[in-house]
Amino acid sequence: TISKSAGATGQEINAICIGSGRFLRSVLVPLLSSHAKPCVFQTRGRTFLDSFKDDGNVDNNTPKLLTYPVDTVEFGGKTTTSDIEIYAAGTLGTADGRSQLMDNLVSQINSLTVIGVGVTEAGLQNATNQCMLDLTELLFKVYARMSAATDILQCPNPNNGKICIINTDNVPNNGDVIRDHVMQNGRDIHSDNEGFTDFLQSKVAFLNTMVDRITSSRPNSNGLVPLCEPLPMKALVICDPGRDLPSWMSNDETQSKFGVKIRHNSKELECDIALKLRVANGTHTAVAHVMALSSLVNTEALCDVSSSTSPSANVLAYVDSLYQSQILPAAVSDGISAEETKATWADWRQRLLHPK
């Protein structure tokens, strides 16, 4: 299904997302949709694709604007809904759906800047996983277009014009993992075409990321509508050492609006991951034990600090002390800046007090 905003044949689409998971649709796609024209192809099934017919986005097989909802439970408890525009929706779960992407759409688009990959951790386990085979096939089709004598597919990204692969799964060094899988598939499946492996090395940037946004689904939506906390400060951290990302992503206002941080060396990303583990995971694990001993069922109870001696107030005092006396000094002693640590704690403490 192609939106009327994508051109008659989808030629204006310039970003492709493989996978339709709730995190990808609540973080990466909104970012891309702010300045690009992304499409979303789920890896199997067709529930996401069919949802556009169900909500009236397709009328008598004539596509209108394609939008899907994302719910956010704000800190005050109110739920707001954003409509995220995409420019095509499809599935790789059927032969016809695969052909729509691999043959039709890739042959029509004029440019390509980003390929988003959101396939769950299981999808990255090995090179022969279907998701990695799909990505390899897609990149081979792109390679063929970019190597053509005429009607060449362009990548307008800075520097060498590399297509950026952005993953939204919490796998350590996920970009490196995907690169290794795709390179292996390239050697195994396209062993007679050395140009493809050269293309993967010189024209594709596999970027490591960190993701962090609590996301479930709207009740009675069959898992289709993401239900999220407000965007954290670091919902998506992308390590871009070669500065290959589209230039619009470097805008500070855009990054702040969509909870994105762009890092330019691996040490910075390692710092972000360490702070997530120490500040968020560390305090959340510690507070869970204390809450259990205090008969507090979930973190919603922490919002009730009407009395300075209430169980929730005591739990917060404990976790504040844990941060001040142990986590902050340890982070600084390990070379992590106090300013970055304090900002991470302020963001996480606010999330900890979320009413839902």
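Everything numeric in this text was worked out from a predicted model, so none of it was measured.

What counts, and at which threshold
- Residues numbered from 1 in each chain as written.
- Predicted model: local features only at pLDDT ≥ 70, side-chain atom pairs only at ≥ 80, totals over all residues.
- Heavy atoms only, no water.
- Helix = DSSP H or I, 4+ residues; strand = E, 2+ residues; numbered from the N terminus.
- Buried < 20%, exposed > 50% of the residue type's maximum accessible area, 1.4 Å probe, protein only.
- Phe/Tyr/Trp six-rings, centres within 6.5 Å; stacked < 30°, edge-to-face > 60°.
- Pairing = 2+ DSSP bridges.
- Right-handed = clockwise from strand over helix to strand, strands pointing away.

*Asks:* Explain the environment of glycine 175 to me, please; I cannot follow it from the model alone.
*Replies:* Position of glycine 175 relative to the elements: it lies in helix H5 (residues 174–189). Classification of glycine 175 by relative accessible area gives buried; the value is 2%.

*Asks:* Where do I start with the environment of isoleucine 189 in this structure?
*Replies:* By the secondary structure assignment, isoleucine 189 is in helix H5. Considering only alpha carbons, one finds isoleucine 189 and glutamate 137, 52 residues apart in sequence, at a separation of 9.4 Å.

*Asks:* Could you clarify how one ought to interpret the packing of aromatic side chains in this entry?
*Replies:* By the definition in use, this model includes eight aromatic pairs. Each ring, one from phenylalanine 48 and one from tyrosine 68, has its centre 5.8 Å from the other, and the planes form 75°; the classification is edge-to-face. Of this pair, phenylalanine 48 sits in helix H2 (residues 47–54) while tyrosine 68 sits in strand S5 (residues 66–73), and the two are 20 residues apart along the sequence. Phenylalanine 48 gets classed as buried once you look at its relative accessible area, which sits at 2%. For the pair tyrosine 323 and tryptophan 345, a centre-to-centre distance of 4.7 Å together with 10° between the ring planes defines the contact as stacked.

*Asks:* How should the pairing of strand S2 (residues 38–42) be read in this particular structure?
*Replies:* On any regular strand, side chains alternate: one points to one face of the sheet, the next to the other face. Across the five residues of S2, five count as buried, placing the element largely inside the fold. Of the two faces of S2, both are covered, the one formed by Pro38, Val40 and Gln42 as well as the one formed by Cys39 and Phe41. Relative to S2, strand S1 (residues 15–18) is paired through four bridges, and the arrangement is parallel. By the bridge assignment, isoleucine 18 is partnered in S2 with phenylalanine 41. Taken together, S1, helix H1 (residues 22–35) and S2 constitute a β-α-β crossover, and its handedness is right-handed. Relative to strand S7 (residues 89–91), S2 runs parallel, the two being bridged by three bridges. Across the sheet, phenylalanine 41 pairs through a bridge with glycine 90, a residue of S7.

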